[in-house]
Amino acid sequence: MKVCLLNDSFPPVIDGVANAVQNYASVLTAKGIADVIVATPGYPDADYGHHPYRVIPYKSIDTTHIVAGYRAGFPFEKSVIDEIKAFEPDIIHCHCPFSSMVLARMIRSSVKAPIVFTYHTKFDVDIKRAVKAEFIEKEVIKAIVGNISAADEVWAVSRGAGDDLRALGFEGDIRVMGNGVDFEKGCQSAEKVAEVTAPFDLPQGVPVFLFVGRIMDYKGLPLIAEALKKLSEAGVDYRAVFVGGGVDAPKMKARFTDAGITVDEVAEGGDEGAAPEIITHNGRENVCGRAIFTGPVYDRAALRAWNTRADLFLFPSAYDTNGIVVREAAACSTASVLLRGSCAAEGITDRRNGYIIDETADDMASLLKELAPDIPALKAVGENAMNDIYISWEDAVRCAAERYETVISEYRQRLENEPDPAEEFRELMQKEIKLPEFHREPESGMRSNFNALLDDAESFGHTMKEVLKDSLREYAEEAREFSETAKEAFENGISRGMRHNSELKETAKEAFENGISKGMRHNGELKEWFEEKKNKFLDPEDEEK
């Protein structure tokens, strides 16, 4: 089996979805389940050649000023499309509805492979942050849902993620297919934990609360800060460790310093392998608690050490659809505090394998104050979390690969039973469209030329069939009502009116009436003109077009 994985983020970009794609590729390759190719927007100076599978970076545009840390892919490079086509994937697994899904649809039309789409992230939240105009936001979300709906099968990483996708307007079937964890089941060695945590002030007997992820307010960080402030005011000592980076990190640190709580942060730009330089912002005397900001940690062994050292993982996020970090903590026998009804809380039984709170700082502060004195009890709940909710990436990917086989089989069966769109269109042209009497003589010539044009569709780009299926069939059925000449319609309708979607159908109608009922007697002239317009509008190497 050959699998093409597509996502808009991939290392050196680190996020939950990039981690998922990397693990899919690694497990499929290492276990001999499938040959893998990954395509993703390229980042300057990134090294994509060290992976045990092929990674194809394609052109990207710097949008980091709009969405921090991310570039927008430009998926129309002919060389990239040709390279993926030459790989001949049996299935395309897309993990992002933006440029990756556009690329997936172009590849599908060429190689006859089904698309599986996995819904990982609440994209609407990121869109609201990046787009301030509500009407644009709605159109972008509508386009995203349309892209997802084009997949042959849609997966969601949790039931809650599926519910969120339906709330955005998706109406198709959804299969829940959870992500796994690349940590081994069990705690990191004591030696490694000591090595990673030694530079920090972590006294024995003082509870360690951990957060891992992007330092973004929508992850529930303001709630954590407010709850810990209340804990400090109540005289409860603790260490709160925040692993990760993000645009809201300065704001988060300020919440603690403003409350008089001491903050330690790792200085940026330290030498790799050297002991971290720690900058301390001293709080007020007699204020309990301490917040530690490590910055991003890319070493998975070090991250596993932090999860092992923690006594409790704090993750009051209503944003995350799966919460891989919760299962990573569970792999290290650390339980989590989660919001009631959140996706991350699926599979959690309160006080057995985790803790459930309402989305208030008072509720979290009350729970932490209760739990802080009894660290052994926290470890017992963590043991249950490890046994109840842990799933390895190998198990998750093997489950996905079994489903791949079914999707491929069902897709190929549909192809055998469905008529070719180009043939359907030929039949419509020949059977449904009746030419006036004075055009009877050149009718066979017209058909011959249309057949020639359709037979040459591959030179237009394989997406021609998608266009024929989705649009031209509808226009052809109404051909009797069309008006104006083909040339005028295509010149005015396509070159000027294409940006106005509501006008497109009318101009296309005009094109077909005159192209068929009046213009077709000039077949040679029309074909020559059509070739000229094809080259003008469908040049895959012309990025502007």
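Fair warning: this is a prediction, and the values are worked out from it, not measured in the lab. Numbers given to residues run from 1 along each chain, matching the order in which its sequence is written. Side-chain atom pairs in this predicted model are given and counted only at pLDDT of 80 or more, local residue features only at pLDDT of at least 70, and totals for whole chains, interfaces and linings cover all residues. Note that water and hydrogens are dropped before the side-chain values are worked out from all heavy atoms of the structure.

## Quick notes on the overall build of the protein
This is how it is decided: Helical segments are the DSSP runs of H or I of at least four residues, strand segments are the runs of E of at least two, and each set is numbered from the N terminus. For this analysis, residues touch if any pair of their heavy atoms sits within 4.5 Å. The Shrake-Rupley method, run with a 1.4 Å probe, gives the accessible areas here. Residue values count only the displayed protein chains as cover.
The number of helices and strands found in the protein is 21 helices and 17 strands. Residue pairs at least 24 apart in sequence account for 71% of intrachain contacts in the protein once pairs closer than 6 positions are excluded. Accessible area of the protein: about 25,300 Å², with a carbon and sulfur share of 48%.

## Some details on the environment of Glu359
Here is the rule we go by: Burial classes follow relative accessibility: with a 1.4 Å probe on protein chains only, a residue under 20% of its type's maximum area counts as buried, one over 50% as exposed, and anything between as partly exposed.
Positionally, Glu359 belongs in the loop between β17 (355–357) and α12 (361–371). Owing to a relative accessible area of 55%, Glu359 belongs among the exposed residues under this scheme. Separated by 41 residues in the primary sequence, Glu359 and Ala318 have C-alpha atoms spaced 8.8 Å apart. Those residues within four positions of Glu359 in sequence are excluded, and the remaining contacts are Leu223 and Leu339.

## Comments concerning the pattern of salt bridges
For side chains of opposite charge, pairing can occur when their charged atoms come near one another. The condition is simple: We define a salt bridge as a side-chain nitrogen of Lys or Arg found within 4 Å of a carboxyl oxygen belonging to Asp or Glu.
Scanning all chains against the criterion turns up 26 salt bridges. Note that Lys251 is salt-bridged to Asp217, the shortest N-O span being 3.0 Å. With a gap of 34 residues between them, Lys251 in helix α9 (residues 249–258) and Asp217 in the loop between β10 (208–212) and α8 (221–233) connect regions that are remote in the sequence. With a relative accessible area of 41%, Lys251 lands in the partly exposed category. In this structure, a network of salt bridges that share partners links the residues Asp201, Asp237, Arg239, Asp264 and Arg290.

## Details of the sheet that holds strand β11 (residues 239–243)
Using the following cut-off: A pair of strands is labelled paired if DSSP reports no fewer than 2 bridges between them. Note on geometry: axes are C-alpha line fits, over the in-contact stretch for helices, and angles between N-to-C directions span 0 to 180 degrees.
An order of β13-β12-β14-β11-β10-β15-β16-β17 is seen for the eight strands of this open sheet, with the pairing classed as mixed. Because the sheet does not close on itself, it has two edges, and the strands there are β13 (278–281) and β17. Taking the axes of each pair of neighbouring strands and ignoring which way they run, one obtains an average angle of 25° across the sheet. Against the sheet, helix α11 (residues 324–331) engages β10, β15 (312–315) and β16 (336–339), with an angle of about 175° to β15.

## Quick look at helix α13 (residues 375–389)
Put simply, the test is: For a helix, the expected span equals 1.5 Å multiplied by the number of residues minus one. By arc we mean the arc of the directions from the helix axis to the C-beta atoms, nothing more.
In this model, α13 (15 residues) spans 21 Å end to end at C-alpha, consistent with the 21 Å of a helix rising 1.5 Å per residue. The complete set of buried residues in α13 reads Ile375, Leu378, Val381, Gly382, Ala385, Met386 and Ile389. The buried side chains of α13 occupy one side of the element, clustering within an arc of 150° when seen end-on. Contact partners of the buried residues in α13: β15, α11, β17 and α12.

## Focus on the confidence of the model for the protein
Test applied: Confidence of the prediction at every residue is given by pLDDT, a number between 0 and 100.
Of all residues in the protein, 75% have pLDDT values of 70 or greater, and the mean over the chain is 84. Contacts of residues 452–465 to residues separated by more than four positions or lying in other chains number 24 contacts, the stretch itself having pLDDT below 50.

## Considerations on the packing of helix α1 (residues 16–30) against helix α14 (residues 393–417)
Test applied: Every angle not falling under 35 degrees, over 145, or within 65 to 115 is termed oblique; those three ranges are roughly parallel, roughly antiparallel and roughly perpendicular. All residues other than Ala, Val, Leu, Ile, Met, Phe, Trp, Tyr, Cys, Pro, Asp, Glu, Lys and Arg, Gly among them, are scored as polar; the first ten of these are nonpolar and the last four charged.
Two elements in contact, α1 and α14, have axes whose closest approach is 9 Å; the angle formed by their N-to-C orientations is 75°. When the axes of α1 and α14 are compared, the pair comes out roughly perpendicular. Two secondary-structure elements touch here, α1 through Asn19, Ala20, Asn23, Tyr24, Val27 and Leu28 and α14 through Trp393, Glu394, Val397, Ala400, Ala401 and Tyr404. Broken down by class, the residue content of the contact of α1 with α14 amounts to nine nonpolar, two polar and one charged.

## Considerations on the sheet that holds strand β2 (residues 35–41)
Reading across the sheet, the seven strands line up as β3-β2-β1-β6-β7-β8-β9 and stay open at both edges, with parallel pairing between neighbours. This sheet does not close on itself; its edge strands, each paired only once, are β3 (54–58) and β9 (175–176). Sheet topology places strand β1 (residues 2–6) next to strand β6 (residues 91–94); four bridges connect them, and they run parallel. Among the inter-strand pairings, Leu5 is bridged to a residue of β6, identified as His93.

## Re the pairing of β15
Our working definition: For a crossover, the right-handed case is the one in which the path from the first strand over the helix to the second runs clockwise, viewed with the strands pointing away from the viewer.
Burial along β15 is two-sided: Leu312 and Leu314 facing one way and Phe313 and Phe315 facing the other are all buried. Pairing of β10 with β15, which is carried by two bridges, proceeds in the parallel orientation. Residue pairing across strands places Phe209 opposite Leu312, the latter belonging to β15. Pairing of β15 with β16 involves three bridges; the strand directions are parallel. In the sheet register, Phe313 faces β16, and the bridge partner there is Ser336. Since β15 and β16 lie parallel, the crossover through α11 that links them has a hand, and here it is right-handed.

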